[in-house]
Structure formats: structure tokens, C-alpha cells
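Fold and geometry: a report
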Amino acid sequence: MFTAIIENEGNTLVMEFPCKRYLMADHLGSIGIRKPAHEIKCMDEEDEPIKVKIFGNGEFEQKLASFISSDYTLSLVNTMCEIYQNLPYQNKLEAIDVVMNDKVSSLSEFDKFIIENRINDTTEHYYCPLTAFLYSRDEYGNTEDYPDKYDGSDLAPYEERIRAIIKYEDSLDDNNLAAYFDGNNSAVGKLKEVHFSTQNVDGILYGCIRAELNAPFTAEEEAEFKDWLEGQCSDGYGEGLEQRPIRLEDGDLFVSFWHGGDDYFLLNDNEFDEYLSGQSMGGIE
């Protein structure tokens, strides 16, 4: 959205906005700046020890950058960029319209517009069967060639260990999984974060995937997201997770959010409630 050129003591940094907050301090530190971003003004004066120039990466961004005054800090500009980037696609078009047609004349007016037009965040959950293979070890410590298959009821006692390996898998990528969603623009604009976890229901452990949105999906967008999510379970995120063993006394346990059987499913909250009701009725019969 913006490119910032920052100079300090003869050193120059080129930084793209929006920027992850935890990365910003590292970037600034690379040219000797120890001040936090909320104390650095967007100023390019000759007598300033830290000089900041901000450019827009397109016509809309260039006009928006012209609103940035020396009263703004790097942190405020970055936050505004983050809020804009997380708007649904339609709201982004409205934001572009107010800037390009001179309906706002300052960055503070633009901030106010996008905050007032931002839809409240929402959370959706998606559930799937959780399976695993346990490769036992023989008396010499060697793993057996043929594993035992575990289902959700077998895995419930290992929930904390499974969550720990999921957390480790997440730590290996600086980006949240949502960054890899390649759906249509409106769906991509709504998705903020995706988090894998588990859910214990009556002693059965299921995969639980939480999607943080800034607006609800339409039915078509959710169908597209679920298709992508199933792909992540089978050969994206899930493929990496399946290769990370959980060391147990009896052997190595490899957990998966996917299997190729006819009974595999990926259900939203309402669909999962219906599924559990059907399971309960089946159990009574």
C-alpha cells in the first residue's frame, strides 16, 4: 500500500506498509533506530535526525499519502493501512471512492470513514474427523512397519500433546495460514486469520479450525473457503503436521486433520451440530 523510505545517521531503510508490528522494530533497528514506531514522526526536515518519506504504490495510495502530515507517526500510518487492508472488498471500493472523489481531505477524516464503515469481526468454526497412526517400537527401540490407526475416541487422552504439536507447526511460519487463501477478492478481504486446534465432544476428539473474519462469508464464499480448507487439511498445512511425531511411551503418533474415507467431513458450526444430533439419535437407536 505504502512504501516508506527512512534515513538515520546515513543509513537508509525501505519498508512496505502495512508491516507486522513485531517486524517493524527489527527493520528500524537495522539502521540503528531504537525509538518505537509510535514515537517516530513522518517528517522529512533537514534538521530531523530521523527522516521519513512515504509514497503510495498506486494512484489511490499516492493521493492518500499526500494526506500524511508531520503529526502522524509511523505506527499510526501502519495501523491505518492494516485497518484498510482488512476491510471487505466492497468497503475497500467505497474507501477508494471517498478519496478519489475528494469526499475526505485529511488522513484523520479517512481514518474516521473506514472505522465507521468497518463491519464487526466475527468468528466461524469448522470441524473435521481427527485421525492418527501410531508406529509402535519393538524391544530394541525400532519402529514397526505397520501402524495402528487411531480415531477421535482413541486420541482424546492426548489432546494437550496434540495441541502442542499444532502450536509448534504454527510457529514455523511467520505468516498466518490466511495469507495463503487464494479465493475471490471479496472472500480474501474478509478472512483475517485461520487457526487449527481440537475440540473434545463427549470423549471424541475432533479437528477444530477457527476462522477470524471481519464480515461473514456468503454461502458461495464459505463453499470456496471450505474447499480451500480441505486442501490445507489434506496436502497443505496438514501434510506438514502429519510428519511431526508425538513421542509416546508406546511409539510415535502422527496426527492428521484429513483421511480419504467416505465418512470424511468438514462442517461449519450449524452443520456440526446437526451431525452430532444425528450421531446421538443413531446411538439411541
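Refer to the preceding data block for the structure.
Here goes a summary of the coordinates provided. The shown structure was predicted, so the numbers you read here are calculated from the model rather than taken from an experiment. (Residues numbered from 1 in each chain as written. Predicted model: local features only at pLDDT ≥ 70, side-chain atom pairs only at ≥ 80, totals over all residues. Heavy atoms only, no water.)

**A closer look at the overall build of the protein chain**
Quick reminder of the rule: Under the DSSP-based scheme used, a helix requires at least four consecutive residues in state H or I and a strand at least two consecutive residues in state E, with every element numbered from the N terminus. Put simply, the radius of gyration uses C-alpha atoms, and a globule should come to 2.2 Å times the residue count raised to 0.38. Between buried and exposed lies partly exposed: a residue is buried under 20% and exposed over 50% of the maximum accessible area for its type, with that area taken using a 1.4 Å probe on protein chains only.
Counting its secondary structure elements, the protein chain contains 11 helices and 11 strands. The C-alpha radius of gyration of the protein chain comes to 24 Å, more than 25% above the 19 Å expected for a compact globule of 285 residues. Taken over the C-alpha atoms alone, the protein chain extends approximately 75 × 45 × 25 Å along its principal axes. With 285 residues in all, the protein chain has 43% of them scored as buried.

**Comments concerning the sheet that holds strand S2 (residues 11-17)**
Test applied: By the convention used here, strands pair only if DSSP detects at least 2 bridges between them. Angles shown run from 0 to 180 degrees and are taken between the N-to-C directions of axes, each axis being a line fitted to C-alpha atoms and, for helices, limited to the stretch in contact.
A sheet is described by the order of its strands in space; here 3 strands give the open sequence S2-S1-S3, paired in antiparallel fashion. Only two strands of the sheet have a single partner each, and these edge strands are S2 and strand S3 (50-56). If you compare each strand with its neighbour and ignore which way they point, the axes differ by 20° on average. Here 7 bridges tie strand S1 (residues 2-8) to S2, and the two strands are oriented antiparallel to one another. Each bridged residue has a counterpart across the sheet, and for Ile5 the counterpart in S2 is Val14.

**Observations regarding the pairing of strand S4 (residues 122-129)**
Of the strand pairs in this sheet, S4 and strand S8 (residues 204-213) are connected by 8 bridges, and their pairing is antiparallel. Opposite Thr122, over in S8, you have Leu213 as the bridge partner.

**Describing the layout of surface pockets**
To find leftover empty space, one rolls a probe the size of a water molecule over the atoms. Rules: The way it works is a 1 Å grid over only the protein atoms, where trapped points that fit a 1.4 Å probe form a cavity and open points with protein on both sides within 12 Å along at least five of seven lines form a pocket, and then any residue with an atom within 4 Å of a point lines it. Grid points are joined across faces, edges and corners, and a volume is the space filled by probe spheres set on the points.
Its volume calculated, the largest pocket comes out at about 1,000 Å³. Looking at the largest pocket, it is lined by 36 residues, and the ones nearest its centre are Lys20, Asn176, Ala178, Ala179 and Lys192. Only helix H1 (21-29), helix H3 (74-85), helix H4 (89-100), helix H7 (159-171), helix H8 (185-190) and strand S7 (191-201) provide two or more residues apiece to the lining of the largest pocket. Examining the composition of the lining of the largest pocket, we find that 6 residues originate from one element, S7, more than from any other.

Remember, this is a structural readout, not a statement about activity or role.
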